[in-house]
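Listed below, chain by chain, are the residues.
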Amino acid sequence: MLVPTFLLLSVLGLLSQTSAQAVDAWHLDTMYTLITQRLDPIINPNGVSSHVHRILGGSNFGANYNYPLYDGSSCSSAAVQADNSNYWMPQLFWRENGKFTPLKAGTRFYYFLARNKPNEPVKAFPPGLRIVIGNPNAKNSASTGIPVPAQGFICLKDHFSSPTGDRAGPDFNFATDCPQGLTTTIKFPPCWDGKNLYKPDGSHMAYTDNLQYGSCPVSHPIRLPAIMLEYVWQTYKLRPGVALKDHLVWANGDTTGYGLHADFVNGWDTDVLNAALTSPDCVGKGEMTMTACTVLAQHMNNAAALACKPSRGVLETIEDGVALDALPGCNIPWSSGTKPTCSPPVTNPTLPSSLMGQDGSVTYTGSEYPIPSLADYPANKWSRMGCIGGQASLLNSIQYTDSALTPARCQAYCWEWGMPYSGLISGSYCQCGTGIHPGAFAWPDAHCPQKCSGAAGSTCGGNGKLELFYNPSSTTVHHPGIADPQYIGCRRDGTGGRVLSASYISYGPMTIEWCKNYCTAQKQTLAGLEFGHVCMCGNSFANGGGVPQPQEYCALACEGNTKQICGGPAATVSIYNISLAGGGGSSSGGTSVITSTKSSTSAPVGSGGVTITKTVTVTAACTAGRKKRSLRAFDFLH
Ligand SMILES: *[C@@H]1O[C@H](CO)[C@@H](O)[C@H](O)[C@H]1NC(C)=O
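It should be emphasised that the depicted structure is a prediction, and the values quoted were computed from it without experimental measurement.

### Notes on unusual backbone geometry
Of all residues except glycine, most have a negative phi; of all peptide bonds, most are trans.
Here is step 1: Going from Ser343 to Pro344, the amide bond is cis rather than trans, its omega being 0°.
Here is step 2: Locating Pro344 in the fold gives a position in the loop between helix H6 (302-307) and strand E19 (383-390).
Here is step 3: Even without a glycine there, the phi angle at Asn46 is positive, about 55°.
Here is step 4: Following the sequence through the fold, Asn46 ends up in the loop between strand E2 (33-37) and strand E3 (53-57).
Here is step 5: One non-glycine residue with positive phi stands out, namely Lys523, at about 60°.
Here is step 6: Looking at where Lys523 falls in the secondary structure, it is placed in the loop between helix H8 (512-521) and strand E31 (526-530).

Structure representation (structure tokens):
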């Protein structure tokens, strides 16, 4: 069954197109099928699976899974006997004249060991880890639930003389025959959240920003080997010369190929795998077979792998090459729409009790995978968390451009707004937020090299990368005006005009106290500030305005006092109720001067207005799922 090694090279060649540099990768080429039957201890614990899987690995495979049981297997169908994990895909059948014939397959797995920086560890799979990927009901690449390149279908056309003659397809319906077989591959996500050993939605694992190379998400910081499972189906032996199209069906009835899915349950000897993952003999050497790693070579036994049989009994016997009248279970071939049901219902075989047992915990409780906890960060101090990219924005973020940016200035700004995350981008942008976006990835520090616009000796992030600082104590808004007891919030203007309509003035050196005094003189009780220099008064909200807005929508410095806020740039107004006690219009309590929030002001000729150029990115803090709203480089004349 061995797939010739020259096949391997071309497959790696295909892969390396997605990776700029040679990465560490192991492959195990001597691996056999343990059994083909309707079991899936992850999806159907202590039950019969809905369809047949072709299962590889440790002999203690059964209808339940727990790590000590699987780790204790007496043998593995993988040549490396320290790996008692199980790996499986659905069985592939050849269909012709109403019959279904299980295809034989050669099997192999790869572990990609890419890392972000030389000292980043790739760790052994945690005991108890289970991973399921793919969607058995998918009928197109968009519905597989995994990134498109995670599934691979390669028709080995002319591999022996010219591997470049191989054809990759979006699915398994090749219009030709595949004289050296049909390869189906699937790539597992390598980034783990450090807590959950299994979640039905798969969210305990994540792909890197580049499928299997590149960076892990900040939310999934533990890097594990990135498994790629590969089966080479021997279509050419069963029906030489016949085109595959319309002849293949996965065990669950899928005739498109997109229903390819795969599972992994960990049964590794953790000490052996960790020793290999840290041995200079086995990592840092690019692509290699597992047998070239001396730590693993000590555990190789090809004869044991070949002889390995399930030790807890079998549910049923499905033999390669023996045609069946129907796919086992209720699996009528279907190519679109809802999966067909069976009438009368199909009866499952009886599950032997020897295949049942206890399932392991789905929560990791050990201490081998420490994750820095936010609780570990010191109070009243900004600590550097690293360089993040991908969806690098922070949650509920506000951002401004600063021509004199330093980490300290940005941190002071975020402190004023009561936000614990402070991020520096491209040397001259400061972003504050309440959390890290779940789609953010951790990047090597080298990706945050930009000199700060205000301090050439410091770095302030990178191009699209955020240099992130965290201060757990920065959760209270300190900005003057917001702490003022007369302040009643950021409100929206009316659709038909200003939110306060009794009087209005545009005054260059506007401050909060100036506007309050103006409105008091106008015998009005509400004072509103907008555009940095506009004051409006009234006794009640007008024009349908007054709807509360997220505080971040009012973030413009007052032109007469840059420590104060005078509303927002677009229909958002800072409102004060001067009939409430305790105002006084004081600006005390300001902690820093944010002169750079306004990068340019100029008076257009003849308009008497002011042009404000500023970048503010805001997300509604109080509206879950609200779309991020970007206000960029707006010019207002008023
Ligand atoms: C302003 O304060 C007064 C006195 O407490 C109150 O009666 C009035 O409703 C307030 N107005 C607004 C718009 O909050």
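### A closer look at the layout of surface pockets
Here is step 1: The space that makes up the largest pocket amounts to roughly 1000 Å³.
Here is step 2: Going through the elements one at a time, strand E14 (222-223), E19 and strand E25 (440-443) are the ones with two or more residues in the lining of the largest pocket.
Here is step 3: Looking at the lining of the largest pocket, the element that brings in the most residues is E19, giving 5 residues.
Here is step 4: Partitioned by chemical class, the residues of the lining of the largest pocket number 21 nonpolar, 8 polar and 9 charged.

### Digging into the sheet that holds strand E21 (residues 398-401)
Here is step 1: What the 6 strands build is an open sheet, ordered E21-E23-E22-E28-E19-E25; its pairing is antiparallel. Both edges of this open sheet fall to E21 and E25, since each of them pairs with a single strand only. The sheet shows a mean angle of 30° between the axes of neighbouring strands, direction not considered.
Here is step 2: The pairing of E19 with strand E28 (residues 466-470) spans 5 bridges and is classified as antiparallel. Within E28, the residue paired with Gly386 across the bridge is Leu468.
Here is step 3: Seen against the sheet, helix H7 (residues 407-416) touches E21, strand E22 (421-425), strand E23 (429-433) and E28 and runs at an angle of roughly 35° to E23.

### Re the site of the ligand
Here is step 1: If you check the shell around the ligand, you find Ile488, Leu526, Asn577, Ser579 and Leu580 and nothing else.
Here is step 2: Asn577 places a polar side-chain atom, nitrogen or oxygen, 2.3 Å from an oxygen atom of the ligand.
Here is step 3: Expressed as a share of its isolated accessible area of 360 Å², the protein-covered part of the ligand is 43%.
Here is step 4: The residue inventory of the shell around the ligand, partitioned by class, reads 3 nonpolar, 2 polar and no charged.

### So, the environment of Gly98
Here is step 1: Examined against the element boundaries, Gly98 turns out to sit in the loop between strand E5 (92-96) and strand E6 (99-102).
Here is step 2: Gly98 gets classed as exposed once you look at its relative accessible area, which sits at 55%.
Here is step 3: Measuring from C-alpha to C-alpha, the distance between Gly98 and Ala323 comes to 9.8 Å, with 225 residues separating the pair along the chain.
Here is step 4: Ignoring any residue separated from it by four or fewer positions in sequence, one finds Gly98 in contact with Leu324 and Asp325.

### Observations concerning the state of the cysteines
Here is step 1: Tallied over the full model, the rule gives 13 disulfides.
Here is step 2: The disulfide that involves Cys282 links it to Cys293, with 2.1 Å between the sulfurs. Between Cys282 and Cys293, the disulfide has an S-S torsion of 75° and is therefore right-handed. Placement of the pair is Cys282 in the loop between helix H4 (270-278) and strand E18 (287-289) and Cys293 in the loop between E18 and helix H5 (294-297), with a sequence separation of 11 residues.
Here is step 3: Judged by its relative accessible area of 1%, Cys282 falls in the buried class.
Here is step 4: The buried category is assigned to Cys293, whose relative accessible area is 0%.

### So, the confidence of the model for the protein chain
Here is step 1: When the pLDDT values of the protein chain are averaged, the result is 86; 87% of them are 70 or greater.
Here is step 2: Note that pLDDT drops below 50 for residues 1-21; the model gives that stretch 41 contacts with residues more than four away or on any other chain.

### A look at the packing of aromatic side chains
Here is step 1: Throughout the structure, instances matching the rule amount to 25 aromatic pairs.
Here is step 2: Arranged with centres 4.8 Å apart and planes meeting at 80°, the rings of Tyr65 and Tyr70 form a pair that is edge-to-face.
Here is step 3: Consider the rings of Phe153 and Phe172, whose centres lie 6.3 Å apart with planes at 85°: the pair is edge-to-face. Pair noted here: Phe153 is in strand E9 (residues 151-155) and Phe172 is in the loop between strand E10 (167-169) and strand E11 (182-187), with a separation of 19 residues, a long-range link. The two residues Phe153 and Phe172 agree in class, both being buried.
Here is step 4: Through successive ring pairs, a cluster of aromatic residues spans Tyr87, Phe109, Tyr111, Phe125, Phe264 and Trp268.
Here is step 5: The residue whose ring lies beneath Lys465 is Trp443, and the NZ or CZ to ring-centre distance is 4.2 Å.
Here is step 6: Looking at Arg498, its charged tip hangs above the ring of Tyr504, at a distance of 3.5 Å from the centre.

Conventions we followed
- Residues numbered from 1 in each chain as written.
- Predicted model: local features only at pLDDT ≥ 70, side-chain atom pairs only at ≥ 80, totals over all residues.
- Heavy atoms only, no water.
- Helix = DSSP H or I, 4+ residues; strand = E, 2+ residues; numbered from the N terminus.
- 1 Å grid on protein atoms, 1.4 Å probe; cavity = no way out; pocket = protein on both sides within 12 Å on 5 of 7 lines; lining within 4 Å.
- Points joined across faces, edges and corners; volume = space filled by probe spheres on them.
- Nonpolar A, V, L, I, M, F, W, Y, C, P; charged D, E, K, R; others polar.
- Pairing = 2+ DSSP bridges.
- Axes fitted to C-alpha atoms, helices over the stretch in contact; angles between N-to-C directions.
- Contact = heavy atoms within 4.5 Å.
- Near = heavy atom within 4 Å.
- Polar contact = N/O pair within 3.5 Å; in protein donor to acceptor, adjacent residues only side chain to side chain.
- Areas by Shrake-Rupley, 256 points an atom, 1.4 Å probe, with all protein chains shown as cover.
- Buried < 20%, exposed > 50% of the residue type's maximum accessible area, 1.4 Å probe, protein only.
- Disulfide = S-S within 2.5 Å.
- pLDDT = per-residue confidence, 0-100.
- Phe/Tyr/Trp six-rings, centres within 6.5 Å; stacked < 30°, edge-to-face > 60°.
- Lys NZ or Arg CZ within 6 Å of the ring centre and 35° of its normal.

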